[in-house]
Amino acid sequence: MYEGTDSAALLKGAGHFENTSIWNGNVPIAGHNRGVRNDFGKIHTLNPGDIITFTTVLGTRTYAVSSVTKVDVTDTSGLASTAENGITLYTCVENQPAYRWCVRGVEQTV
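Residues numbered from 1 in each chain as written. Predicted model: local features only at pLDDT ≥ 70, side-chain atom pairs only at ≥ 80, totals over all residues. Heavy atoms only, no water.

## Comments concerning the side chain of N26
Among the secondary structure elements, N26 is positioned in strand 3 (residues 26–30). Polar contacts involving the side chain of N26 include one to the main-chain carbonyl oxygen of A80, which spans 2.9 Å. One polar contact links N26 to T88, side chain to side chain, over a distance of 2.8 Å. Discounting chain neighbours no more than four positions away, the residues touching N26 are S21, G78, L79, A80, S81, T82, E84, G86, I87 and T88. (Helix = DSSP H or I, 4+ residues; strand = E, 2+ residues; numbered from the N terminus. Polar contact = N/O pair within 3.5 Å; in protein donor to acceptor, adjacent residues only side chain to side chain. Contact = heavy atoms within 4.5 Å.)

Right, dumping it as structure tokens:
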């Protein structure tokens with residue numbers, strides 16, 4: 001994962017939205033799903049309860065998918081900070097440039 005969601009960062013891999021949390025609270029990440037990179041493949045096919053594992057130098061967290069929605073490209077609500085640990089993944093909707101897939105997950109504790 002790389003810092004930033006501009007073209008240069010996303011050419012390398014998934015990108016973390018600048019000025020958002022990288023570990024505690026909501027962690028928003030973007031990635032390509034086809035073309036030059038395919039980091040997020042078909043995340044829109046995830047279902048509630050599916051597991052997302054997120055590993056960084058800070059550790060590993062496991063999240064259960066809570067929603068998969070198609071949102072307007074201008075919808076930035078998934079970047080909002082939260083008190084609870086969660087993850088928000090964004091990727092394009094094929095052939096629909098006005099929309100993005102938004103997958104949200106909540107941390108699973110043991």
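## Section: the sheet that holds strand 7 (residues 99–107)
Spatially, the seven strands line up as an open sheet ordered 1-2-3-6-7-5-4, and their pairing is mixed. Every other strand in the sheet has two partners, leaving strand 1 (2–3) and strand 4 (51–56) as the edge strands with one partner each. Strand direction decides the pairing type here: strand 6 (residues 86–92) and strand 7, joined by seven bridges, are antiparallel. Bridge pairing in strand 7 links T91 to W101. (Pairing = 2+ DSSP bridges.)

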